[in-house]
Amino acid sequence: MPILKHALAFSLVLFFLQQTLFAQEEEKQPRDSCVWCHLENEEEPEEPAHAMQEDIHAENGLSCVDCHGGDAGLGFDEDEEAAMDPAKGYIGAPEKKDIPRFCARCHSDPGYMRRFNPRVATDQYDRYKTSVHGQLLLRGDEKVAACTDCHGAHGVLSFKDPRSPVYALNIPATCGKCHADREYMAGYRVAKDVVEEYKKGVHGITLLEKGDQAAPACNDCHGNHGAVPPGIPAIGFVCGQCHLNNSELFAESPHKQAFAEEELPECETCHDNHAIEHPTDAMLGTGEESICMDCHEEGSDGYRIAEVLYAKIDSLKLRLSAADSLLQVARKAGMEVSEPLYQLNEANQFLIQGRTMIHSLSEGKVDSLTARGIGLAIEAYEQGLQAIDELQFRRKGLAVSLVFILLLALGLYLKIREIDSRTVFREEEVRV
Ligand code: HEC
Ligand code: HEC
Ligand code: HEC
Ligand code: HEC
Ligand code: HEC
Ligand code: HEC
Ligand code: HEC
Ligand code: HEC
Ligand code: HEC
C-alpha cells in the first residue's frame, strides 16, 4: 500500500510543520500577560511596557509584577481583572507620596539587592529621607523630587549609561527640570537661578562644554540623594575633596578661625558657589577687583598682606613675560633656546603654586615660591640676552664676510679683464 505509506508520511510532515509553526507563534508572544496585554494596548513608545524593553530591572530579570504585583500568568484571555487582582498582590501604580517607599522595598533591602549585585549601595532611601526633597514630601509637598523624577519609572538605566538622566553630563538638566523653571518654583524662597549660574561658572563650562567629568555636577556637592545645601562647616570639605591643596592651606590660615567665628563659608565667601569664575590676580591686591578689600581696611594687616601678595605674584608674572618675549624673538630668528624656554616652564610652575599658596595668607610661604620662580626667570632672560647678542655677532660676522667675498669677486673680475685684454692684444698681433 504505497499510497497509504505516502499519505502517512505526508501527514506526519504536516503535523511536525504545524507543531513548529505553532511553537514559533507562541514563542513570539511574551509569556508575561502584563507585558503582552500592555504592549497590545499602548500606543506611545514611552509608555510603560515599551519603555521597559530597555530597563535595568528587566535586564536583571524583573518585570511588571515585581513592582506592581498581580499575576502575570493570568489574563491571556484578555481578562485584565484576573491579572490585576488585588487578591493576587496587585498594588497598581503608586501615588507620588508613596514612591520612595515603593522603590525602597527592594533598594533598602541589602539581602535582596546583593543577590543581583554584591557591591550595591542600599542607603538611597535613608539619605533621601534626610534631604530637603524627602522632608518636604513627607509633609505632603508633591512638587519636590521623588525617585522617579530623577530616574524615571520605566526604562530606568544605570547612572553609568550616557542616556540615563542621572549620567553626570545630564544631571544639571535633570535638576533643571524644576530648579530652572521659575514658574514651577515660584512658591519657594529658594534661589531660582542656580542652574543658569552653575552653567556660567568654571565647573559648568568644564563639565557641559568641555565634557570633562572631573568637574562637579550638582550631585557632587549636594549628594545624590542628600539634596541639601552643604552646611557652613561642610562647604570647605565639599570643595576640598577636589581642591585639596587650597583647602589645606586655608585651614592653616588666620581665615580659618575668623571665618568660623563669623559663620562665613570657607571657599564660597571669595569664590561663590555656582557662578565660580576663573580667579585672576586682580582678586588680590588693593584695586577695584580685589576681594580682600571687601573686608580689610587701609592700615590693617589684611590690607598690607593683600598688597604684598599681589606684588609678589605680579612681579613673577612680569619677569616671566619679559623673558618669554625675548626668547620668542631669539627662537624665531633661528637661535637654539629650548633650554631656557624649558627653564621658563619650570618658573611658571612656581607661579601656579604661588597662586594656590595665597590661600595660606603667608607672605613668607608665597615668597619662597615666587622668589624661586623669579630666579629661574632671570636666568632664562639672561640666556635670552646672550642668544640675541650672539645673533647680532653672527650678523656682524656675516657683513664682514660679505665685504670680503665682494672684494674677492671684484679682484677676480679685474684679473679676468686683464687676461682678456692680453689675449685680444695677442690676436691682433697674429693678424698683423
Ligand atoms: C488583558 C489586558 C491586561 C493585562 C493582562 C494586564 N493589564 Fe494592566 N492595564 C490594562 C489596561 C487596559 C489598563 C488601563 C485601564 C485601567 O486602569 O484599568 C491597565 C492599567 C494598569 C496599571 C495602571 C493602573 C493605574 O492605577 O493607573 C498598572 C500599574 C498595570 N496595568 C499593571 C499591570 C500588571 C502588573 C499586570 C500583570 C500582572 C497587568 N497590568 C496585566 C490591561 C491589562
Ligand atoms: C521598577 C518598578 C516598576 C516596574 C518594573 C514597572 N513599573 Fe509601572 N510604574 C512604576 C511606578 C513607580 C509608577 C508610578 C509613577 C509613574 O507614573 O511614573 C508606575 C506606573 C505605571 C502605570 C500608570 C502610569 C503610566 O505611566 O502610564 C502603568 C500603566 C504601568 N506602570 C505599567 C507597567 C507595566 C505594564 C510594567 C511592565 C512592562 C511596569 N509598569 C513595570 C514602577 C514600575
Ligand atoms: C534629586 C534626584 C534624585 C532622587 C530624588 C533620587 N535619586 Fe537616585 N540617583 C541620583 C543621582 C544623581 C545618582 C548617582 C549618579 C552618580 O553616582 O554619578 C543616583 C543613583 C542611584 C542609584 C545607583 C547607586 C547609588 O546609590 O549611587 C540607585 C540604586 C538609586 N539612585 C535609587 C534611588 C531611589 C530608590 C530613590 C528614591 C528613594 C532615588 N534614587 C532618588 C539622583 C536621584
Ligand atoms: C523588585 C525590586 C525593585 C524595585 C521595587 C525597584 N528596584 Fe531598582 N533595581 C532593582 C535591582 C535588582 C536592580 C539591579 C541592581 C544592580 O544591578 O546594581 C535595580 C537597579 C536600579 C537602578 C540602577 C542602579 C545603577 O547601577 O545605576 C536604579 C537607578 C533603580 N533601580 C531605581 C529604581 C527606582 C527609581 C525604583 C522605584 C520606581 C526602583 N528602582 C524599584 C530592584 C528593584
Ligand atoms: C521634581 C522637581 C525637582 C527636581 C527634579 C529636583 N528638585 Fe531640588 N527641590 C525641588 C523643590 C520643589 C524644592 C523645595 C524648595 C525649598 O527648599 O523650599 C527643592 C529643594 C532642593 C534643595 C534645597 C534648597 C534649600 O536651600 O532649601 C536642594 C539643595 C536641591 N533641591 C537640589 C536638587 C538637585 C541637586 C537636584 C538634581 C540632582 C534636584 N534638586 C532635583 C524640586 C526638584
Ligand atoms: C561646587 C559645588 C556645587 C555645585 C556643583 C552645585 N552647587 Fe548648589 N550649592 C552649593 C553651595 C555651597 C550652596 C550653599 C549656598 C549657601 O548656603 O549660601 C548651594 C546652594 C544651592 C541651592 C539653594 C540655593 C538658595 O540660595 O536657596 C540649590 C537649590 C542648589 N544649590 C541647587 C544646585 C543645582 C541644581 C546644581 C546643578 C545645576 C548645583 N546646585 C550645583 C554648591 C554647589
Ligand atoms: C568633583 C570635584 C570638584 C569639586 C567638588 C569642586 N571642584 Fe572646583 N574645579 C574642579 C575641576 C575639575 C575644575 C576645572 C579644572 C581646573 O582648572 O582646575 C575646577 C575649577 C575650579 C576653579 C577655577 C580654577 C581655575 O584655575 O580656573 C575654582 C576657583 C574652583 N574650582 C573652586 C571650587 C569651589 C569653591 C568648590 C566648592 C564650592 C569646588 N571648586 C568644588 C573640580 C571640583
Ligand atoms: C579670602 C578669599 C579666598 C578664599 C577664602 C578662598 N580663595 Fe581661592 N582664591 C582666592 C584668590 C584671590 C585667588 C586668585 C589668586 C591669583 O590668581 O593670584 C584664588 C584662587 C583659587 C584657585 C585657582 C588657583 C589654584 O589654586 O589652582 C582655586 C582652585 C581656588 N582658589 C580654590 C579655593 C578653595 C577650594 C577654597 C576653600 C578651601 C578657596 N579657594 C578659598 C581667594 C580665596
Ligand atoms: C569676608 C571677609 C574677608 C575677606 C574677603 C578677606 N578677609 Fe582676611 N580676614 C577676615 C577676618 C574677619 C580676619 C580676622 C582678623 C581681622 O579681623 O582682621 C581676617 C584676617 C586676615 C589676615 C590676618 C591678619 C591678622 O591681623 O592676623 C590676613 C593676612 C588676611 N586676612 C588677608 C586677607 C587677604 C589677602 C584677602 C584677600 C585675598 C582677605 N584677607 C580677604 C575677613 C576677610
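Conventions we followed
Residues numbered from 1 in each chain as written. Chains lettered and ligands numbered in written order. Predicted model: local features only at pLDDT ≥ 70, side-chain atom pairs only at ≥ 80, totals over all residues. Heavy atoms only, no water. Donors = N, O, S within 2.8 Å, 3.2 Å for Na, K, Ca; no water. Tetrahedral: all angles 85-135°; square planar, octahedral: opposite > 155°, others 65-115°. Helix = DSSP H or I, 4+ residues; strand = E, 2+ residues; numbered from the N terminus. Buried < 20%, exposed > 50% of the residue type's maximum accessible area, 1.4 Å probe, protein only. Near = heavy atom within 4 Å. Polar contact = N/O pair within 3.5 Å; in protein donor to acceptor, adjacent residues only side chain to side chain. Nonpolar A, V, L, I, M, F, W, Y, C, P; charged D, E, K, R; others polar. Phe/Tyr/Trp six-rings, centres within 6.5 Å; stacked < 30°, edge-to-face > 60°. Contact = heavy atoms within 4.5 Å. Domains from an automatic or database assignment. Lys, Arg positive; Asp, Glu negative; His and termini not counted. Salt bridge = Lys/Arg side-chain N within 4 Å of Asp/Glu carboxyl O. Patch = residues over 30% accessible without salt bridge, like charges linked within 9 Å, V, L, I, M, F, W, Y side chains within 5 Å. Areas by Shrake-Rupley, 256 points an atom, 1.4 Å probe, with all protein chains shown as cover.

Attention now goes to the coordination of the iron atom of ligand 4. The protein atoms that coordinate the iron atom of ligand 4 are His57 (NE2) and His107 (NE2), at distances spanning 2.0 Å. For the iron atom of ligand 4, the six donor atoms are set out with angles of 86 to 180° between them, so the coordination reads as octahedral. You can see His57 sitting in helix α4 (residues 56-59) and its partner His107 sitting in helix α7 (residues 99-107), a full 50 residues away along the chain. Its relative accessible area of 29% is what places His107 among the partly exposed residues.

Once that is clear, we can look at the coordination of the iron atom of ligand 1. Each angle at a metal carrying four tetrahedral donors should ideally be 109.5 degrees, and each at a metal carrying six octahedral donors should ideally be 90 or 180 degrees. Donor atoms from the polypeptide that bind the iron atom of ligand 1 are His38 (NE2) and Met84 (SD), placed at 2.1 to 2.4 Å. Taking the relative accessible area as the measure of exposure, Met84 reaches 32% and is therefore partly exposed.

This part is about the site of ligand 3. The full set close to ligand 3 counts 17 residues, and Gln124, Cys147, Cys150, His151 and His225 are the nearest of them. Within the side chain of His225, an N or O atom sits 2.9 Å from a nitrogen atom of ligand 3. Counting only elements with at least two residues in the shell around ligand 3, the list comes to α7, α9 (124-130) and α11 (147-151). In terms of residues, the shell around ligand 3 owes the most to one element, α11, which gives three residues. Residue composition of the shell around ligand 3, by class: ten nonpolar, seven polar and no charged.

For the rest of this paragraph, the subject is the packing of aromatic side chains. A full pass over the atoms with the stated rule returns three aromatic pairs. Taken together, a centroid distance of 5.3 Å and an interplanar angle of 45° make the contact between Trp36 and Phe76 tilted. Of the two residues, Trp36 sits in helix α2 (residues 33-41) while Phe76 sits in the loop between α5 (64-68) and α6 (80-83), which places them 40 residues apart along the sequence. Considering the side-chain rings of Phe250 and Phe259, the 5.6 Å spacing of their centres and the 65° angle between planes classify their relative orientation as edge-to-face.

Every buried residue belonging to α2 is among Ser33, Cys34, Val35, Trp36 and Cys37, and all of these are buried. Of the surrounding elements, those touching the buried residues of α2 are α3 (48-51), α5 and α6. A distance of 2.9 Å separates the backbone nitrogen of Cys34 from a side-chain oxygen at the start of α2, and that oxygen is part of Asp32.

Before going further, it helps to examine the site of ligand 8. Residues in close proximity to ligand 8 total 21 residues, the closest being Cys267, Cys270, His271, Asp281 and His359. Within the side chain of Asn246, an N or O atom sits 3.0 Å from an oxygen atom of ligand 8. In the model, a nitrogen atom of ligand 8 is placed 2.8 Å from a nitrogen or oxygen of the His359 side chain. Of all the elements in the fold, those that place two or more residues in the shell around ligand 8 are α17 (244-252), α18 (254-261), α19 (268-271) and α21 (338-357). In terms of residue class, the shell around ligand 8 is built from ten nonpolar, eight polar and three charged. Each of domain 4 (230-278) and domain 5 (301-431) gives at least three residues to the shell around ligand 8.

Attention now goes to the side chain of Asp55. In this structure, Asp55 sits in the loop between α3 and α4. With no salt bridge to any partner, buried Asp55 finds its closest opposite charge in Arg163, at an N-O distance of 11 Å. Within the local environment of Asp55, its side chain forms a polar contact with the backbone nitrogen of Gly155, the two atoms lying 2.9 Å apart. Among the polar contacts made by the side chain of Asp55, one reaches the main-chain amide nitrogen of Val156 at a distance of 2.8 Å. Residues contacting Asp55, with those up to four places away along its chain left out, are Ala153, His154, Gly155 and Val156.

Together, Val403, Leu407, Leu410, Tyr413 and Leu414 give the surface a local cluster of nonpolar side chains, amounting to about 510 Å² of exposed area. Within the secondary structure, Leu414 is located in helix α22 (residues 363-431). By relative accessible area, which is 48% here, Leu414 ends up partly exposed.

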